[in-house]
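# Close look at the chain arrangement
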Amino acid sequence: MIINTFGIMGISFSGVLLGVVITAGVLTPLILFIRHNYNQAKESANDLGSITSEKLKSDVILNAIGDGVILVDDQKLIRLFNPAATTITGWNINDAIGLDYHNVIQLENDNGQPYSDQECPINKVFETGASSNDSKSVLVTHANKRIALNLSVSPLVNEDQEVVGAVGIFRDISKEKGDLERRAEFISTASHEMRTPVAAIEGYLALALNENVSRIDTKAREYLLKAHESTQLLGKLFQDLLTSAKAEDGRLSNHPVVIEMGAFMEQMAEALKFSASKKGLMVEFVVGADTNTIDASNPNAKVVHPLYLIHADPDRMREIVTNIFDNSVKYTESGKISIGVTGDEEVVQIRVADTGPGIPAEDVPHLFEKFYRVDNSATRTVGGTGLGLFICRKIIELYNGRLWVDSTVGKGSTFFINIPRLSTPEATKLQSVEATRSPLAPV
Ligand code: ADP
């Protein structure tokens, strides 16, 4: 007997879910509901009344929710498609059921390129067995319209932990994305326009403070110095606002090349020493940690460390390290700042450690959010915008990396950056592509 657990689908997928155990994930409540209904219907296969009432509940919920729901079996065929899925995709239920999901859920990236199987969130769930949530996909509807989609996919696994299906829940987020884009556009335009007069005010205040140009009394100098400092901060705020708006809508310029982080960070540490020394802070640079090898027979031997190769834009990497280092200088009263580069086969790790005030545990989860500043006596007197670490996080995400902090109040903070590491053959291949690219060609 075929049990049509979800009446709206038009055909049964009872075989698909037989013996299926559902993994936890973003779709947990709905998936649990699907499993519950399935089990209930199975247990009372001879009880028509019970089946009908379970079917009714399923229908009510799946018909009522505004999110599209799709169930794909292990042959990649659509076995469930709710009315909201029809509204979003334009495919009617009877046409969609039984089709390969690629025909109905046609996804592209935001550059208009169709997803390969490796990129497709539904396929990834079959490959990896892990849930995913994606807000970057664009769906090409039945009428060839393109809409921004939020798509969460969870695997259905059997008792042998094999993925036998996937449940996707999706939502049209074109309006939210449009609102966000308009807000970012406003912030960029406003900060761009305001940077110019602020730069002019800062310039005139600098002239007024220059003893070779202007004569002012001590009291006026004191006021102008304060005005100058605040104007500099305002200029930095507009610059950071502009950068963060660009980072959010993907307009941040990014020209990745192969970088050897050992040498890159050594140069940066050398350049950054200056600002730390003005505050009497020592700067230490360590590369390779215990993986260094030294040829002891050669007195002129240099430390040989492995090549820490990554693919990133040097300007963006400089921006991140400078930001984190400047924070260490800003918030540390005495002691040292140590910069390190190390890595394993997968990642290159950069760390910046200081002996500053540390960050309370309750603030750490919010530290990389926009405008977040720790509110305590150690930071209240130090100027800042609360945008620096947010921008750093956004840039690191461009390179599929990770940024986090380990901190102990009263002892100091260590910021870590992990970026995917290139093997030497991968780097050589990328370098030969870079060499063939004309300097004027768009990248
Ligand atoms: P800000 O412009 O305020 O420095 P950031 O986004 O760079 O903005 O940093 C966010 C907050 O994190 C800072 O306001 C500060 O409270 C805290 N913070 C960042 N780096 C450090 C550090 N090295 N030591 C202590 N607190 C820090």
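Now for a look at the structure at hand. (Residues numbered from 1 in each chain as written. Predicted model: local features only at pLDDT ≥ 70, side-chain atom pairs only at ≥ 80, totals over all residues. Heavy atoms only, no water.)

Moving on, we come to the site of the ligand. In the region of the ligand, 19 residues are neighbours, and N327, Y331, D354, R373 and T385 sit closest. Between an oxygen atom of the ligand and a side-chain N or O atom of N327, the distance comes to 2.8 Å. At 2.5 Å from an oxygen atom of the ligand is found a side-chain nitrogen or oxygen belonging to R373. A total of 530 Å² of accessible area belongs to the ligand in isolation, and the protein chains cover 98% of it. Secondary-structure elements contributing two or more residues to the shell around the ligand are α11 (314–331), α13 (388–398) and β14 (412–420). The element best represented in the shell around the ligand is α11, accounting for four residues. (Near = heavy atom within 4 Å. Polar contact = N/O pair within 3.5 Å; in protein donor to acceptor, adjacent residues only side chain to side chain. Areas by Shrake-Rupley, 256 points an atom, 1.4 Å probe, with all protein chains shown as cover. Helix = DSSP H or I, 4+ residues; strand = E, 2+ residues; numbered from the N terminus.)

Even without being glycine, N144 reaches a positive phi, approximately 65 degrees. For N144, the position within the fold is in the loop between β5 (132–140) and β6 (146–158). Assessed through its relative accessible area of 56%, N144 is described here as exposed. Of note, the phi angle at N400 is positive, near 55 degrees, even though the residue is not glycine. Mapping N400 onto the fold places it in the loop between α13 and β13 (402–408). Judged by its relative accessible area of 65%, N400 falls in the exposed class. (Buried < 20%, exposed > 50% of the residue type's maximum accessible area, 1.4 Å probe, protein only.)

Here the focus is the sheet that holds β14. The mixed open sheet is built from five strands, whose spatial order is β9-β11-β12-β14-β13. Each edge of the open sheet is held by one strand with a lone partner, namely β9 (282–287) and β13. Pairs of neighbouring strands in the sheet enclose a mean axial angle of 15 degrees, with direction left out of account. Sheet analysis places β9 next to strand β11 (residues 336–343), joined by six bridges and oriented parallel. (Pairing = 2+ DSSP bridges. Axes fitted to C-alpha atoms, helices over the stretch in contact; angles between N-to-C directions.)

This next bit is on the side chain of E434. Residue placement: E434 occurs in helix α14 (residues 424–436). Polar contacts involving the side chain of E434 include one to the main-chain amide nitrogen of V258, which spans 3.2 Å.

Within β11, six of the eight residues are buried, which leaves the element mostly enclosed by the surrounding structure. In terms of strand pairing, β11 meets strand β12 (residues 347–354) through seven bridges, oriented antiparallel. Residue pairing in the sheet places V341 in a bridge with I350 of β12. Between β11 and the antiparallel strand that follows it, β12, lie three residues.

Okay, the packing of helix α10 (residues 261–277) against α11 next. One can describe the packing of α10 onto α11 by two numbers: an axis separation of 11 Å at closest approach and a directional angle of 40 degrees. Here α10 lies oblique to α11, going by the angle between them. The interaxial crossing formed by α10 with α11 has right-handed handedness. When α10 is examined against α11, the residues M261, F264, M265, M268, L272, S275 and A276 are found in contact with a partner set consisting of P314, M317, R318, V321, T322, F325, D326 and V329. When the residues that make up the contact of α10 with α11 are grouped by side-chain class, the tally is eleven nonpolar, two polar and two charged. (Parallel < 35°, antiparallel > 145°, perpendicular 65-115°, else oblique. Left-handed = near helix turned anticlockwise from the far one by under 90°. Contact = heavy atoms within 4.5 Å. Nonpolar A, V, L, I, M, F, W, Y, C, P; charged D, E, K, R; others polar.)

Our focus in this paragraph is the packing of aromatic side chains. Under the criterion given, the structure shown has two aromatic pairs. An angle of 15 degrees between the planes, with centres 5.1 Å apart, marks the rings of W404 and F416 as stacked. Here F416 lies in strand β14 and W404 lies in strand β13, a separation of twelve residues in the sequence. F416 gets classed as buried once you look at its relative accessible area, which sits at 14%. Its guanidinium or amino end placed over the ring of F126, K76 lies 4.9 Å from that ring's centre, counting from NZ or CZ. The ring of W404 has R402 sitting right over it, with the charged end atom 4.0 Å from the ring centre. (Phe/Tyr/Trp six-rings, centres within 6.5 Å; stacked < 30°, edge-to-face > 60°. Lys NZ or Arg CZ within 6 Å of the ring centre and 35° of its normal.)

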